[in-house]
Structures are given as C-alpha cells and as structure tokens.
Amino acid sequence: MSIPGRDKARAACHPYLAGNFAPVTQTWTPTPVTWTGDIPPELVGGMYVRNGGNPAANSDLARESHWFDGDGMLTGIWFERSATKPHHAIPNFVNQYILTDIYLASVEHGTLRTPILPSIATLVSPFSRLLWIVWRIVRAVLIVLLSHLPGQQTAIKRISVANTSILYHDGRALATCESGPPIRVTLPELETVGWFNGVEAEGEPKESKPESASATTFGGTGPLSWMREWTTGHPKVDQTSGELVLFNCSFAPPYIHYSLVPSRDQYSDTDLQPIMNAPVPGCSGGKLMHDFGVSKDHTIILDLPLSLDPANLLKNNPVMLYEPKKPSRFGVFPRRHPASVRWFETSGCCIFHTANTWDEYGANGTVAAVNLLACRLTSASMVFSAGNIEPPPHPDHVETTKRKPLSFFASYDDDDLFEDPEKSLDETSPLLTSEDSHASGSVPPRIPISYDEQEQCRLYYYRFAVEPAARNEITHQFALSAVPFEFPTVSPLTDMTAARYIYGCSTSNESFGAALGKATKIDLIVRMDVKQLLARAQNAPPEKITGCVDDRTVDQILASGDQNDPIKAFQLPPNHFGQEPRFIPRQRVQGVSPGAELTEDDGYLMFYVFNEDQLDHVGECRTDAKSELWVLDAKTMKDIVCKIKLPTRVPYGLHGNWFSEQHIERQRKVDALRSIPEDLSNGSLWNRTRAKIIASLG
C-alpha cells in the first residue's frame, strides 16, 4: 500500500527520532498546570526533575542515532507553595535545555543537520567502517577548532551534553554525563549556570577563602587533564555527611581516577578534606563504566568486560566491545583509601545501574563484608538495540523456535530453558504501536531485538568478604527474582545503608532487552522486599551465579493476592508507558500518635507517563500529545494519589531526582547565567563564510 509523501519521509525516520522518542522543540518557563487527586503535603515546595537527551540538531531524521545521544534537557514539576494556602501546592511545569558548550554551538550554527558529536551508534556498530568513524570524529574536531576562531560566540571547551542524570550537592543542582564534569543549573527555573570543577561553578561569586584559588579541581593539570574531567553519570551524595563521591574512567592508565568532595561546612574538618583525581590501581583497561556502588565506608568500582576504547579499532573491533568470556571484576576499597583496592572476579556480565550498597559489620565492630545490589545483564544487547543496531548473538546462545522467542530474562537453568519468565506473548511487536496503525496496515519503525535465552536483566545480590584475613572472595552472588528489573531507586533515608525495599522498572509484554532499548514498554513499577528475599536465600541458598531466589513469572506475581508478597508490581493501563520512578518519603503529620513510626515504604513513587494512543497511523506523536506525572503510593503499590496534567509530552528519557523545598532555598548565589548566542549569520563576511563552512559539514 502506498503512503503519502510525508509518510514516506517518516517511514525512513530513525526509530529513536520517532514517536515519543522524538525531541520536543518548545521550552517552558515555570507554568502552572492542572491536576487530579490530592497532592501529598510532602511535595509542597519541592521539585521533581528528570534528565534526558533531546537533540537540537535534528533535521536529518534518517541519520545514525542512539537513545543515549542528544543534548541534555531537564523536565520538571515544581510544586510551588501557595501564597494564600501555605499547606497547598500549585504544580508548575518547566523544561529547559542545558546550555552546554555543544548545545550553544549547535544553536549558533543552526544549519547543522546532525549533532556535533558522533553518535554512540556509530562507535558501537560492528558495521561502521573505519573511514566513516574517523570522518565523524574529524568532523567533530573541526567544529570544535572552528569554535575557537575569532568572531565565534561559543568556544567548545568541554564535549559533554550533560544528558544523563541530576543531583544535589552543597547548594548546587548538578546535571551529569560521562563525557565531562557536572554542570550547575538553578532550581526551579532550570537555567544553566556553568561547569562545576569540584571547587566552584562558572557563574558563581568567587570564594573569599584563599585556599579555593589554589585548590585542585577535577582533571588537575597535564596533557590528559581534559579526560580526567569525564565524571561518571551517577555520582553519589552521602545524605548524612554531605560528601559527593565520583570517579572518571579514561583510555589511559591507570584508567580510573577517584574524587570525593565534602560540603562547604566540612572543609574545616581535617578528617574530611577533599580527594581529587586519586588513581585506583588495578583496572584492566578503558571501560564503559556508567555507575558504581558507595556505602557509608566503602566504594565499589565495576571493571566489567565491556570496553570503550578507540584502540579496539586497531584490532578490527568496534570502539565499544563486549567480551563475556572475560571476567567481571569488582574493585572494593575503603571510601577514602582508593589505593587499598581489593579486586574480586566472577563470570562476565554487564551492569549499568547499581541499586544499593551497604556495609556488614562483624562481632568486633569492623566491616566484615560489603554488599551490593545491582541490575545485572548477561548481554550488552541494550547498548546495540538503543542504537537501532542488530545485537550480536551471545557466545553461549542456543537456537530456539521462532514460535516462542526467549527474552533477556529467560531462566539460566536447562530445565526451564524454553520458559520465558516474563510472559508468553508475541515479542515481535513494532517499536511504536497504536490501534489505528494495525487497522491502516502501515508499518511503524521497527527495532532490532535479540531473542536469546542467554539474555537476562535481574536484580542481583553480591557479597564481598573484606576482612583482612579473608581472601578476595564473592561469597554470595545470585538473582533475587527472575522478573525484568532496571532503573532502580531506594528511599534517600536508606541510601548507602541496607535498604529493605528496592523499586524499579519492568515490563509485562516483551523482552526487557527491547524495553531497555525502547523505553516505551516499561509498563510495570516493581517493589522488591530485599529483607524477605535474602531471608529465603539464607534458608535455601540458590546456586552460585546462576541461582534465583524467586523464579515466578510476571504473570504469577501480578496474580498474587498475598499481602506480604516480597514482590509487588503496579501495572499501568494498556498502552500507557512509564519512566524511571523516584521515591519521596512520607513525613509525620499532625494527628499521628507519638508512638506510631513510619516504615521504610511509607512514601510515594513519582514518574512520567505517556499514553501511546496519542500516536498517529505511522507511529508519530500527534501535535497535541501530552504526558502526565503520576504519584503512586509506594506502600500499597496500587493507588495513584494524583496525576499532574502537563502542557506537552515528555520524551522517554533517563534519570531524575527529587529536590526538597530546603534544597531550593539553600542554593548558592549566582552572578551570571549562560544564555543563547545571537544570530550572526547575516553579520560580517567572515561570519557568513564560517557559517557556510560549518553548514557544509552537515
């Protein structure tokens, strides 16, 4: 069946530039919006903000693209305290681009059809030709060099797009990404201040303390200092001490540098001096390290067999290479002593997100073990699928029938080899679906999906024995549940200690390997009772590495009527898909008896929701498509207490955070904000010439 010209153009569109992956073009200053239900008092005055990629240079819709690409855009709901009713909130919607060097240069050169930086898809694809990779890198370098010539308004000094996460530390809201240092933004306006170097941020008043002028910053000095600014997308903030803990991973030995930044009130404490760029010895090479674990007393670095190294090209391999036959290595060290790292090895896997890290104390009061909960993948398919690239087969894959494709989470055990622990449904659905798409016979964009039974993504438990006399042994390692589980979150009150409840995203209707790559299929929010599941494991220990405490399917868990079930799931309505949740603790209110105590699960989960009934017959969002912010009662895992109606849609994105009213009130002062450059395309001859040169680069 022929389709109109517009439909032909859209059919060629990259799936990660279509539907609710497509970037939004309008930004909003804080704007009051409507809601249904009752806004909890804990939200009054606070703000929820989520980060994600939203490419500004986007006219070439058939280009290579990856879900992790794109200029950082922050999308938030500020629950402004009412001036007339102080105990009530007025929700305000706001979204703003993060004004990084890359974004400002893209705006200044509006003729660019594709982003300045090479797509991650270009770097990870085994089909990318060497000359094409080199050209994309050379193109980026040329644009960077041109940005430093006279007449240019934006000089590109850092290549980060700051599109991964956002956190609060020492009076600053900081957006993050692996390819640069954090960058400060204001709350609630989400305006960009400038890069944070570990001591101060651009745009802030200069510190009066004399030591601040000579303080060591992220990256330090030397020819490779620019690479040592590449901080993890998931820095950790100790809610008790106020310390910011982070690392960076580069292509040059010793590969990992570790930093710890106290809050401003702690610089006078000689026991809490900052640590900047301390090497962590023993890493096996340049790796894709997205996250790490931090307890009250220890840090865990993940050295996994997922390399990210240009030197791979010399071996006829892609820049990003997964080698599951190589071991996974975990570097555990006391938080302030990275040189004392001890390395633990086990079978190869991928971990992109850790859920909880805590210390276990022995009879003498010293730390006997460090425990880690992490979302463990047995494949790197998500990295490929999220770039619209066919995932390579797992080395241990077993051919299965097409009638019943197996998912990321198929059982490890041979007896259950052909049982999908998610759901026995057709997993070949297109990327974006709607009722009328099937009726019209049109074919929305599809995405490569792996149906390999070796692929799983489960919440895993690790225990590392760290007593001085103990050998470097992982005493426990097994899955808590067979259900899909990613984008984990815990209560901030239990972060870095033994959290009982872990919340995360799952799916009920297809391979979560695809869901991770597509995000559209996250239709379950799951709560796991770690205490109960570990107690079961104590009584009936699972098999090491391949074992699983609770092997029920998603259907079985959804059908459970047990009020004390250790796994509970909230299922979104049909065709509704959510994003990463964030937990906000419930607070004691008037009328509660003094003896009553709030439990760890007393609180709310907040996440964006999009109804894909708003897609047209070719899988594109209608112009009037809108998203909502849902607030779920985390204790019941059933009740939506309120829905915030947004004036626009929120594209599927990455990580968010909750900022209290006190966070907003205690922000550091700002002298200057970043701003959009003026349009100089019709200026001097040199400006016009430079614009034509850059436009010729695509």
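Note that the coordinates shown come from a computational prediction; the quantities given were computed from them, not determined experimentally.

> Help me understand the overall build of the protein, please; the structure alone is not making it clear to me.
Secondary structure assignment for the protein yields twelve helices and 34 strands. Sorting the 698 residues of the protein into buried and exposed places 61% on the buried side. Of the roughly 27900 Å² of accessible surface on the protein, 54% is carried by carbon and sulfur atoms.

> I keep staring at the sheet that holds strand 19 (residues 342-346) and nothing clicks. Help me out?
Working definition: the strands of a sheet are paired by backbone hydrogen bonds and lie parallel or antiparallel to each other. Here four strands make up an open sheet; going across it, the order is 14-15-18-19 and the pairing antiparallel. Two strands bound the open sheet, and with one partner strand each, they are strand 14 (293-294) and strand 19. As judged from the two bridges shared by strand 14 and strand 15 (residues 298-303), these two strands associate in the antiparallel manner. Across the sheet, residue valine 294 finds its bridge partner in strand 15, namely threonine 299.

> Sorry, what's going on with the packing of aromatic side chains here?
Here the distance between the centres and the angle between the planes together describe a pair of aromatic rings. Summed over all chains, the structure comprises 24 aromatic pairs. Aromatic rings pair up to connect Tyr16, Phe21, Trp67, Phe68, Phe487, Phe610 and Tyr652 into one cluster. Sitting over the ring of tryptophan 343, arginine 329 keeps its end group 4.4 Å from the ring centre. In this structure, lysine 643 is placed above the aromatic ring of tryptophan 630, and the distance from its NZ or CZ to the ring centre is 4.2 Å.

> What should I look at first to understand a nonpolar patch on the surface in this one?
On the surface, Leu130, Trp132, Val134, Trp135, Ile137, Val138, Val141, Leu142 and Leu145 cluster together to form a nonpolar patch covering roughly 750 Å² of accessible area. Tracing the backbone through its elements, the reader meets leucine 145 in helix 4 (residues 130-146).

> Looking at this structure, I do not really get the pairing of strand 33 (residues 640-645). What am I missing?
Successive residues of a regular strand alternate their side chains across the two faces of the sheet. Relative to strand 33, strand 2 (residues 35-37) runs antiparallel, the two sharing three bridges. By the bridge assignment, threonine 36 is partnered in strand 33 with lysine 643. Pairing of strand 32 (residues 627-633) with strand 33, which is carried by five bridges, proceeds in the antiparallel orientation. In the strand pairing of strand 33, valine 631 is matched with cysteine 642. As consecutive antiparallel partners, strand 32 and strand 33 are separated by six residues, and within that stretch methionine 637 has a phi angle of approximately 55°, a positive value.

> Can you help me understand the pattern of salt bridges in this one?
A pair can form between side chains of opposite charge whenever their charged atoms are brought close. Overall, the coordinates contain 33 salt bridges when judged by the stated rule. Salt-bridge contacts for arginine 674 lead to glutamate 202; the nearest nitrogen and oxygen are separated by 3.1 Å. With arginine 674 in the loop between helix 11 (661-665) and helix 12 (685-696) and glutamate 202 in the loop between strand 9 (192-195) and helix 5 (211-214), this pair connects stretches of sequence that are 472 residues apart. By relative accessible area, which is 33% here, glutamate 202 ends up partly exposed. Note that arginine 527 is salt-bridged to aspartate 601, the shortest N-O span being 3.2 Å. On the criterion of sequence distance, the pair formed by arginine 527 in strand 26 (residues 524-529) and aspartate 601 in the loop between strand 30 (582-585) and strand 31 (603-611) is long-range, its members being 74 residues apart. Accessibility assignment for this pair places arginine 527 and aspartate 601 in one class, buried.

> Looking at this structure, how should I read the confidence of the model for the protein?
Segments scoring low in pLDDT should not have their predicted coordinates read at a detailed level. On average, residues of the protein carry a pLDDT of 84, and 84% of them reach 70 or more. Across residues 449-453 the pLDDT falls below 50, and counting only partners more than four positions away or on other chains, this stretch makes 30 contacts in the model. With pLDDT under 50 throughout, residues 513-520 is counted as low confidence; its partners more than four residues away or in other chains account for 41 contacts.

> Help me out: how do you make sense of the environment of isoleucine 90 in this one?
As for its placement among the helices and strands, isoleucine 90 is situated in strand 5 (residues 89-97). We classify isoleucine 90 as partly exposed; its relative accessible area is 32%. Along the chain, isoleucine 90 and isoleucine 77 lie 13 residues apart, while their C-alpha atoms are 9.8 Å from each other. Excluding its chain neighbours within four sequence positions, the residues that come into contact with isoleucine 90 are Pro32, Trp78, Phe79, Glu80 and Ser82.

> Help me out: how do you make sense of the environment of proline 181 in this one?
Examined against the element boundaries, proline 181 turns out to sit in the loop between strand 7 (172-176) and strand 8 (183-185). Separated by 48 residues in sequence, proline 181 and glutamate 229 have C-alpha atoms that sit 5.2 Å apart. Among residues more than four places away in sequence, those in contact with proline 181 are Arg158, Trp195, Phe196, Phe218, Glu229 and Thr231.

> Can you walk me through the UniProt feature "binding site: Fe cation" (unreviewed entry) in the protein in this structure?
The positions that UniProt labels "binding site: Fe cation" (unreviewed entry) are, in the present scheme, His234, His290, His353 and His655. Spatially, the listed residues are clustered: although they cover 422 residues, their C-alpha atoms lie within 12.3 Å of one another. Counting through the fold element by element, histidine 234 comes out in the loop between helix 5 and strand 10 (236-237). Dropping the residues within four chain positions of it, histidine 234 is found in contact with Thr164, Ser165, His290, Asp291, Phe292, His353 and His655. Here histidine 290 shows up in the loop between strand 13 (275-279) and strand 14. In this view, histidine 290 contacts Thr164, Glu178, Thr232, Gly233, His234, Phe352, His353 and His655; residues no more than four positions away in its chain are not counted. A polar atom in the side chain of histidine 290 sits 2.7 Å from the side chain of glutamate 178.

> Where do I start with the sheet that holds strand 28 (residues 567-571) in this structure?
Read from one edge to the other, the open sheet built from four strands follows the order 24-25-26-28, with strand pairing classed as antiparallel. Across the chains shown, the open sheet's two edge strands, defined by having one partner strand only, are strand 24 (486-489) and strand 28. Put simply, the sheet's adjacent strands are angled 20° from each other on average, direction ignored. For strand 26 and strand 28, the ladder comprises five bridges, and the chain directions are antiparallel. Residue pairing in the sheet places leucine 524 in a bridge with glutamine 571 of strand 28. Each of strand 25 (501-506), strand 26 and strand 28 is contacted by helix 9 (residues 530-539), which is oriented at about 55° to strand 26, the strand it contacts most.

Rules behind the numbers
- Residues numbered from 1 in each chain as written.
- Predicted model: local features only at pLDDT ≥ 70, side-chain atom pairs only at ≥ 80, totals over all residues.
- Heavy atoms only, no water.
- Helix = DSSP H or I, 4+ residues; strand = E, 2+ residues; numbered from the N terminus.
- Buried < 20%, exposed > 50% of the residue type's maximum accessible area, 1.4 Å probe, protein only.
- Areas by Shrake-Rupley, 256 points an atom, 1.4 Å probe, with all protein chains shown as cover.
- Pairing = 2+ DSSP bridges.
- Phe/Tyr/Trp six-rings, centres within 6.5 Å; stacked < 30°, edge-to-face > 60°.
- Lys NZ or Arg CZ within 6 Å of the ring centre and 35° of its normal.
- Patch = residues over 30% accessible without salt bridge, like charges linked within 9 Å, V, L, I, M, F, W, Y side chains within 5 Å.
- Salt bridge = Lys/Arg side-chain N within 4 Å of Asp/Glu carboxyl O.
- pLDDT = per-residue confidence, 0-100.
- Contact = heavy atoms within 4.5 Å.
- UniProt positions renumbered as here; feature names shortened; annotations may be inferred.
- Polar contact = N/O pair within 3.5 Å; in protein donor to acceptor, adjacent residues only side chain to side chain.
- Axes fitted to C-alpha atoms, helices over the stretch in contact; angles between N-to-C directions.

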